[in-house]
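Close look at the chain arrangement
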Amino acid sequence: GGNGICGIGVQHIAEALKVNATVTRLDISCNDIGDEGLLHLASALAANATLTNLNVLKNDLIEAGARTLVAVSKSKPNQIK
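What comes next concerns the included structure.

Parameters at a glance
- Residues numbered from 1 in each chain as written.
- Predicted model: local features only at pLDDT ≥ 70, side-chain atom pairs only at ≥ 80, totals over all residues.
- Heavy atoms only, no water.
- Helix = DSSP H or I, 4+ residues; strand = E, 2+ residues; numbered from the N terminus.
- Buried < 20%, exposed > 50% of the residue type's maximum accessible area, 1.4 Å probe, protein only.
- Polar contact = N/O pair within 3.5 Å; in protein donor to acceptor, adjacent residues only side chain to side chain.
- Axes fitted to C-alpha atoms, helices over the stretch in contact; angles between N-to-C directions.
- Parallel < 35°, antiparallel > 145°, perpendicular 65-115°, else oblique.
- Contact = heavy atoms within 4.5 Å.
- Nonpolar A, V, L, I, M, F, W, Y, C, P; charged D, E, K, R; others polar.
- Expected span 1.5 Å × (residues − 1).
- Arc of directions from axis to C-beta.
- Core = buried A, V, L, I, M, F, W, Y, C linked by side-chain atoms within 4.5 Å.

1. Describing the side chain of S29
Here S29 is to be found in the loop between β1 (25-27) and α2 (34-47). Among the residues examined, S29 registers a relative accessible area of 8% and is labelled buried. Side-chain polar atoms of S29 contact the side chain of D27, separated by 2.6 Å.

So, in structure tokens, the structure goes:
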């Protein structure tokens with residue numbers, strides 16, 4: 001974490017995750033992705049079948065983005081931690 005990733009950067013990561021077949025862990029903690037970035041990630045996770053661990057701590061998130069991510073996580077209870 002702590003790589004200076006912002007909203008546009010996480011948007012590119014999310015696009016890559018949609019077609020990812022190998023990455024199982026992603027730590028983007030301590031960045032500035034905000035809720036918009038989290039919404040991009042949630043969309044990607046809905047399409048992703050391999051990511052099992054996602055760390056988004058300390059990213060200036062508010063409730064809306066967190067709720068979306070929780071909803072995606074609950075839809076894949078055996079996949080995402």
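What follows continues from the structure just given.
2. Regarding the packing of helix α1 (residues 7-19) against α2
Put simply, α1 and α2 touch, their axes get as near as 8 Å, and they point 5° apart. Between α1 and α2, the interaxial angle falls into the category roughly parallel. Contacts between α1 and α2 involve V10, Q11, A14, L17 and K18 from the former and G37, H40, L41, S43, A44 and A47 from the latter. Tallied by class, residues from the contact of α1 with α2 come to six nonpolar, four polar and one charged.

3. Let's talk about α1
End to end, α1 covers 19 Å across 13 residues, agreeing with the expected 18 Å (1.5 Å per residue, within 8%). Listed in full, the buried residues belonging to α1 are V10, A14 and L17. Along α1, the residues classed as buried sweep out an arc of 60° about the axis, all on the same side. Exposed residues lying more than 90 degrees from the buried face of α1 are I8, H12 and V19. Among the structural elements, β1 and α2 are those in contact with the buried residues of α1.

4. Describing the nonpolar core
Ranked by size, the top nonpolar core spans 17 residues in total, and within it I28, I33, L41, L54 and V56 carry the most contacts. Where this core is concerned, the elements lending two or more residues are α1, α2 and α3 (63-75). With five residues, the top contributor of residues to this core is α2.

5. Focus on unusual backbone geometry
Phi angles above zero are rare outside glycine, and C30 is one such case at about 60°. On the secondary structure map, C30 appears in the loop between β1 and α2. Positioned with a positive phi, K58 is a non-glycine residue whose angle comes to about 55°. For K58, the position within the fold is in the loop between β2 (53-55) and α3. You can call K58 exposed: its relative accessible area is 67%.

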